[in-house]
Each structure stands twice: as structure tokens, then as C-alpha cells.
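For reference, the chains in residue letters:
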Amino acid sequence: MIISGNMKMADVIHRQHQIAIVLNRFGILLGLGDKTVEQVCVACEIQLDFFLAIVNVFCDKSYFPRETLKNFSMNLIIDYLKKSHHYYNHTKVPAIEEMIQKLCWKNPENETNVVLVNKFWLTYKEELQTHTEYEEQVVFPYMLGVERVFEGRHSDLLPSKYSIDVFEVEHNDLEEKLFDLKNIIIKYLPPPENFDLCNSILFELFRLEKDLNNHARIEDKVMIPKVKEMEKTIARQKSSKKENQ
Amino acid sequence: MTRFTFIISESSLIAATGLATILTKEPGFQVVRLVSNARETALALARNKPNFLILNPDICKTEKSFNLVLSKLGSARAIAFTTNYEHKKSVLDSFDARIDFFDDDNQIIEIVNSVLRKKFEQKNYEPEKASELSEREVSVLKLIATGLTNKEVGEKLFISEHTAIVHRKHITQKLGIKSVSGLTVYAIINKLIRLEDGLPLK
Ligand SMILES: [Fe+2]
Ligand SMILES: [Fe+2]
């Protein structure tokens with residue numbers, strides 16, 4: 001199903017409940033009545049095309065916003081990505097961490113498990129932080145620089161030798177350790193005392209994994225292609241300038 | 001119909017195009033990119049996330065660039081495309097299968113299909129199979145879990161870095177754990193190493 005502007009927002013959520021997380025990031029609150037997607041976007045001052053691109057990439061792995069991509073400003077994309085980073089670092093991670101800290105085993109021999117799982121989670125938390133910080137402090141500023149040159153607001157060369165290709169290769173996936181943690185819990189740890197809690201942790205890990213997956217897809221399918229296109233145009237302009245000289 | 005996507009990584013355009021023609025004749029097979037060096041291959045793997053990479057190992061000029069490609073494989077299956085006979089066994093061991101320059105079209109399709117069959121068999125049987133690590137794998141795992149790199153593991157056990165990588169790939173497949181810290185946790189839980197010997201999990 002491709003989500004379009006004239007669908008009722010409420011129906012969209014009924015069909016794809018994960019979109020509720022995305023609404024939050026756009027500052028859309030529930031209590032939507034019978035408003036269409038377009039009406040909601042207008043009311044919240046959100047660019048409709050951008051909203052549709054995000055929710056469709058989110059729901060459909062093969063979706064690519066070919067026609068509308070050029071209309072999105074970098075700020076719009078960055079703002080959305082930053083909001084999701086914030087959600088991971090400041091909402092999801094602390095919530096899961098709190099649950100992990102409560103895991104316990106009856107047998108004192110299993111004391112190391114508590115230590116291990118906690119430590120593992122800490123390394124993951126750091127990895128997530130480093131990943132998002134790098135994007136916010138290196139990649140996003142670079143993209144804004146490209147956009148400035150592209151729009152002719154800045155006649156200089158690109159900010160550095162960096163190019164989005166470098167990022168594309170380096171961009172590692174954040175799901176790997178989550179996957180490992182799930183398997184450690186499912187397969188290798190002795191069952192903890194509070195197994196309901198353990199299940200909740202598992203559910204949260206599955207959910208976070210999926211959300212991160214969608215997030216990375218937005219970076220790979222919306223952000224990177226957009227920057228690439230601008231880089232190409234800039235390079236073309238530069239070489240035609242040289243020819244004219 | 002299930003679709004399978006391919007990236008072909010080969011420096012001769014004629015060979016690459018020929019291979020692509022043969023593959024796309026098979027219903028459901030789709031060649032999404034032709035690339036000609038290691039860097040492009042890594043990029044294409046990151047971007048297209050194909051089901052298969054068909055790679056001529058010769059295009060990787062250095063061991064480092066070969067390892068870069070391997071590290072970007074993700075869930076893609078790697079098939080070697082060889083145009084000469086001078087490949088180290090350790091290099092070929094990193095692949096799931098091998099297509100030779102002189103193979104005919106039926107042979108080529110059969111090689112790809114055999115990898116596909118293997119893949120699905122693994123998927124179906126994985127939950128049943130107890131993941132018994134071999135003795136060698138256990139010793140590799142112990143070293144990885146204490147924080148050694150593939151190269152250092154190779155040096156310690158007198159095997160090549162490639163062989164170490166292959167062992168590691170098998171360990172990961174059997175245990176369902178990919179990251180070093182995950183392997184460390186596994187090794188400690190199973191008392192293969194002590195908590196204090198483990199890679200400092202910070
Ligand atoms: Fe991100
Ligand atoms: Fe990212």
C-alpha cells in the first residue's frame with residue numbers, strides 16, 4: 001500500500017501502526033478525527049511530499065521517492081533524523097537499560113550474567129551514541145555545506161575532501177549488536193527469575209531493531225541519494241566552468 | 001516469483017556482460033550492477049544489498065581491499081569468478097562457490113542454484129542443528145573473545161588471516177552472534193574464557 005495525501009490519517013495508522021512513532025517525530029498528536037493525511041500536514045505545517053516520502057520508506061522496503069526527492073531541503077531531512085536520534089538515545093535506550101538492570105537470577109553463581117548483559121548493553125549504547133554523534137557532527141554539517149554550494153549561496157569549494165560516498169561505505173548498521181543480544185538472551189543465558197521482564201526486553205529489542213532499520217533506510221534512500229545528486233551537479237558545473245576559461 | 005539480485009565485479013566488461021546475459025536468462029535472476037574494482041564493489045554492496053556477489057578475486061589488488069569487500073557482504077552470498085588458476089586456497093575458501101571462465105551457461109546456472117539450495121537448507125535446518133563448534137573454531141573463538149584481530153588470531157594459530165576470517169564466519173553462522181562483544185559474552189557464559197580475560201566490554 002502506498003500512502004497518499006487523501007487517505008484518512010486514522011486509517012493509515014490502523015493499517016500500519018508503526019507509523020505512530022513517526023507521527024511523534026513530526027510533532028503530530030493523536031486525536032486526529034477524520035482528517036486526511038494532507039489536512040493533518042497542512043495544520044502542522046509539514047511539507048506533504050516529505051511526510052509521504054518518510055512514511056512510505058518506513059513502510060515499504062522497496063519504495064523510493066524518485067520524483068519528490070529534489071523538493072526536500074536538507075534542513076527538513078536533518079531535522080527529522082536528529083529527532084529520531086534523540087528518541088533512540090534519550091527515550092528507547094534508557095527504557096531498555098532500566099529493564100536490563102532489573103534482570104536477576106536466583107542462583108548467585110549466575111551473578112556474572114548480570115554483569116555481562118549490563119556491560120554488553122553499555123557497549124551497544126556507546127556504539128549508538130558514537131554513530132549518531134558522527135552523523136550529527138560530521139555528516140550533517142557536510143550535507144548542509146553541499147547544499148549551500150549547490151544553491152550558490154557559497155561560491156567556495158566543498159567543505160573538505162569528504163564525500164557522501166565515504167559515508168555510504170562506512171555507514172555501519174546498528175542492528176548487529178541488537179541481533180546478538182537477542183540471541184544471547186534467547187539461546188545462551190540461563191533463564192532469569194523474572195521471565196516476563198525478559199520477554200518485554202526481547203520485544204523492545206525487536207522493535208528497536210526494526211525502527212533502526214527503517215531509520216537507516218531513510219538515510220540510505222533519501223538522504224544519500226539527495227546529497228549525491230547535488231555533488232554531481234556541482235562537479236558538472238565546476239568542469240564546465242573550467243572549459244569556459 | 002522470488003527475485004534474486006546480483007552484482008558482478010569483474011574488470012573485463014566483455015566477461016561481465018557475458019556473465020550477466022547468462023544469468024538474466026534465468027527467470028527471477030536480475031543483475032543490478034556491474035563494477036570493476038574493489039571500492040566500487042564495496043559501495044555497490046552497501047547500496048544495493050544484493051543476494052549474490054560474483055567477484056573476480058583478481059580485481060582486489062591488495063589483501064586489505066579484498067577484506068573490505070568481504071566485510072561489506074552482509075547477507076549476500078559470494079561466488080568467485082576465476083579467470084586463472086593461481087588463486088590461493090584461502091582466498092577461494094572465502095567464497096560459497098566458484099564459477100570458472102570456461103564454464104558453460106548450464107554449469108553457471110547450476111552453480112548459482114546449488115548455492116541457493118544450500119542457503120535454504122541451512123535456513124530450514126538451522127534451528128534443529130545443535131551448533132557444535134569444532135575444536136579449531138573454539139580456539140579461534142577464544143582468541144577473538146579476548147580482543148585479538150583476525151590477523152593476530154592467524155599469527156597465533158599459524159594460519160592465514162583469510163583462514164581465520166573463514167573460521168570466524170562459520171562461528172558466527174553457527175552461534176548467531178556477529179559482534180566481537182557478543183562473542184565475548186558467549187565465551188564467558190560458556191566458560192571458555194574467564195570474565196577478567198574477556199575483551200574489556202567497557
Ligand atoms: Fe542516523
Ligand atoms: Fe545512521
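Residues numbered from 1 in each chain as written. Chains lettered and ligands numbered in written order. Predicted model: local features only at pLDDT ≥ 70, side-chain atom pairs only at ≥ 80, totals over all residues. Heavy atoms only, no water.

1. Considering the coordination of the iron ion (ligand 2)
Residue and element names in this part refer to chain A. Going by this rule: Each metal's donors are the N, O and S atoms found within 2.8 Å of it, except that Na, K and Ca use a 3.2 Å limit; water is left out, so coordination can look incomplete. Key to geometry: four donors with every angle between 85 and 135 degrees are tetrahedral; four donors are square planar and six octahedral where opposite donors lie over 155 degrees apart and all remaining angles lie between 65 and 115; all other sites are irregular.
For the iron ion (ligand 2), every protein donor is listed as His131 (NE2), Glu135 (OE), His171 (NE2) and Glu219 (OE), and the spread of their distances is 2.0 to 2.3 Å. One way to put it: the four donor atoms around the iron ion (ligand 2) meet at angles of 82 to 176°, and that makes the site irregular. Every donor residue of the iron ion (ligand 2) comes from the same chain, spaced as H-x3-E-x35-H-x47-E.

2. Let's talk about the packing of aromatic side chains
Residue and element names in this part refer to chain A. We count it as follows: Here the aromatic set is Phe, Tyr and Trp, taking the six-membered ring for Trp, and pairing holds for ring centres within 6.5 Å; pairs whose planes are under 30 degrees apart are stacked, those over 60 apart are edge-to-face, and all others are tilted. Secondary structure elements follow DSSP: runs of H or I no shorter than four residues count as helices, runs of E no shorter than two count as strands, and numbering proceeds from the N terminus. Three exposure classes are used, based on accessible area relative to the maximum for each residue type with a 1.4 Å probe and protein chains only: buried under 20%, partly exposed in between, and exposed over 50%.
The final tally for this structure, using the stated rule, is 15 aromatic pairs over all chains. Both rings, one in Phe26 and one in Phe50, keep their centres 6.0 Å apart while their planes meet at 70°; by these two values the pair is edge-to-face. One end of the pair, Phe26, is in helix α2 (residues 19–26); the other, Phe50, is in helix α4 (residues 48–59), with 24 residues separating them in the sequence. Accessibility assignment for this pair places Phe26 and Phe50 in one class, buried. Relative to Tyr124, the ring of Trp121 lies with its centre 5.5 Å away and its plane at 45°, an arrangement referred to as tilted. Note that Trp121 and Tyr124 are positioned in helix α6 (residues 111–150) at a spacing of three residues, about one turn of the helix. Classification of Trp121 by relative accessible area gives buried; the value is 1%.

3. Examining the domain arrangement of chain A
Residues and elements named next belong to chain A. We apply this condition: Segmentation of the chain into domains, including their bounds, is taken from an automatic or database domain assignment. In this description, contact between two residues means that some pair of their heavy atoms is separated by no more than 4.5 Å. Buried area is understood as the total, over both parts, of accessible area removed when two parts are fitted together, assessed with a 1.4 Å probe. Just to be clear on terms, a salt bridge is a Lys or Arg side-chain nitrogen sitting within 4 Å of an Asp or Glu carboxyl oxygen.
Entries for chain A in the domain assignment read domain 1 (9–67) and domain 2 (73–244). Computed over C-alpha atoms only, the centres of domain 1 and domain 2 are separated by 22 Å. With 17 residues of domain 1 at the contact, the number on the domain 2 side is 15 residues. On the domain 1 side of the contact with domain 2, Arg25, Phe50 and Phe58 bury the most area, a combined 43% of that side's loss. Across the domain 1-domain 2 interface, the total number found is one salt bridge.

4. So, the sheet that holds strand β3 (residues 52–55) of chain B
Residue and element names in this part refer to chain B. Put simply, the rule reads: Strands qualify as paired when DSSP identifies two bridges or more between them. Every angle, taken between N-to-C directions, lies between 0 and 180 degrees, and every axis is a line fitted to C-alpha atoms, over only the stretch in contact when it is a helix.
In spatial order, the strands read β2-β1-β3-β4-β5; together these five strands make up an open sheet with parallel pairing. The outermost strands of the open sheet, each flanked by one partner alone, are β2 (29–35) and β5 (97–100). For this sheet, the mean inter-axis angle between neighbouring strands, taken without regard to orientation, is 25°. Relative to β2, strand β1 (residues 4–9) runs parallel, the two sharing six bridges. Looking at β2, one finds that Ile8 is bridged to Leu34. Strand contacts of helix α1 (residues 13–25): β1, β2, β3 and β4 (77–82), with the helix running at about 170° to β2, the strand carrying the most contacts.

5. Concerning the coordination of the iron ion (ligand 1)
Residues and elements named next belong to chain A. At this site the iron ion (ligand 1) is bound by His85 (NE2), Glu135 (OE), His215 (NE2) and Glu219 (OE), with donor distances of 1.9 to 2.3 Å. Metal-centred angles of 87 to 170° between the four donor atoms at the iron ion (ligand 1) mark the site as irregular. Of note, the donors binding the iron ion (ligand 1) are all from one chain and are spaced H-x49-E-x79-H-x3-E. A separation of 3.2 Å is found between the iron ion (ligand 1) and the iron ion (ligand 2), both of which receive a donor from Glu135. Note that His85 is positioned in helix α5 (residues 74–102) and Glu135 in helix α6, a separation of 50 residues in sequence. Accessibility assignment for this pair places His85 and Glu135 in one class, buried.

6. Here's the deal with the packing of helix α7 (residues 150–157) of chain B against helix α8 (residues 161–175) of chain B
Residue and element names in this part refer to chain B. Applicable threshold: When an angle is under 35 degrees it counts as roughly parallel; over 145 it counts as roughly antiparallel; between 65 and 115 it counts as roughly perpendicular; any other value is oblique.
Between α7 and α8, the shortest axis-to-axis distance is 8 Å and the interhelical angle comes to 110°. Classified by the angle their axes make, α7 and α8 are roughly perpendicular. Facing α7, whose interface residues are Asn150, Lys151, Val153 and Gly154, α8 presents Glu161, Ala164, Ile165 and Arg168.

7. Side note on the interface of chain B and chain A
Our working rule: Polar contact is the term for a pair of N or O atoms within 3.5 Å; when the atoms are in protein, one must be able to donate a hydrogen and the other to accept it, and sequence-neighboring residues count only if both atoms are side-chain atoms. We call Asp, Glu, Lys and Arg charged. Ala, Val, Leu, Ile, Met, Phe, Trp, Tyr, Cys and Pro are nonpolar, and the rest, Gly among them, are polar.
Counting residues at the interface gives 22 residues for chain B and 25 residues for chain A. When chain B packs against chain A, the two sides together hide about 2,200 Å² of surface, and 63% of this comes from carbon and sulfur. The interface formed by chain B and chain A includes three salt bridges. Taking the shortest distance from any N to any O, the salt bridge between Asp165(A) and Arg39(B) comes out at 3.8 Å. Linking chain B with chain A are eight residue pairs in polar contact (both at pLDDT 80 or more). Counting residues per element, the ones that place at least two in the side of chain B that touches chain A are α2 (38–48), α8 and α9 (180–189) of chain B. Among the elements that take part in the side of chain B that touches chain A, α9(B) stands out by supplying six residues, more than any other. Among the residues making up the side of chain B that touches chain A, the classes are represented as ten nonpolar, five polar and seven charged.

8. Here we look at the layout of surface pockets
The line we're drawing: Space inside and on the surface of the protein is sampled on a 1 Å grid over the protein atoms alone, with a cavity defined as a set of points where a 1.4 Å probe fits but cannot get out and a pocket as an open set with protein on both sides within 12 Å along at least 5 of 7 lines; lining residues have an atom within 4 Å of a point. Grid points are joined across faces, edges and corners, and a volume is the space filled by probe spheres set on the points.
Taken as a whole, the second largest pocket holds about 210 Å³ of empty space. Forming the boundary of the second largest pocket are Glu109(A), Asn110(A), Thr112(A), Asn113(A), Pro190(A), Ile188(B), Ile189(B), Lys191(B), Ile193(B), Arg194(B) and Leu195(B). Class assignment for the residues of the lining of the second largest pocket results in five nonpolar, three polar and three charged.

9. Quick notes on the state of the cysteines
Residue and element names in this part refer to chain A. Keep this limit in mind: The disulfide definition used here is simple: a pair of cysteine sulfur atoms within 2.5 Å.
Scanning all chains against the criterion turns up zero disulfides over all chains. In this structure Cys59 is a free cysteine whose sulfur lies 14 Å from that of Cys41, the closest cysteine sulfur available. Judged by relative accessible area, which is 22%, Cys59 ranks as partly exposed.

10. Considering the environment of Gly152(A)
Residues and elements named next belong to chain A. Looking at the secondary structure, you find Gly152 in the loop between α6 and α7 (164–170). Look at Gly152 and you get exposed, because its relative accessible area is 57%. Counting along the chain gives 82 residues from Gly152 to Ile234, while the straight-line C-alpha distance between them is 9.7 Å.

11. Concerning empty space enclosed by the protein
Residues and elements named next belong to chain A. The tally for this structure, following the rule as stated, stands at two cavities of 30 Å³ or more. In this structure, the largest cavity encloses a volume near 40 Å³. Lining the largest cavity, in full, are His131, His171, Asn172, Asp173, Leu174, Glu175, Leu212, His215, Ala216 and Glu219. The element that contributes the greatest number of residues to the lining of the largest cavity is helix α9 (residues 195–244), accounting for four residues. In terms of residue class, the lining of the largest cavity is built from three nonpolar, four polar and three charged.

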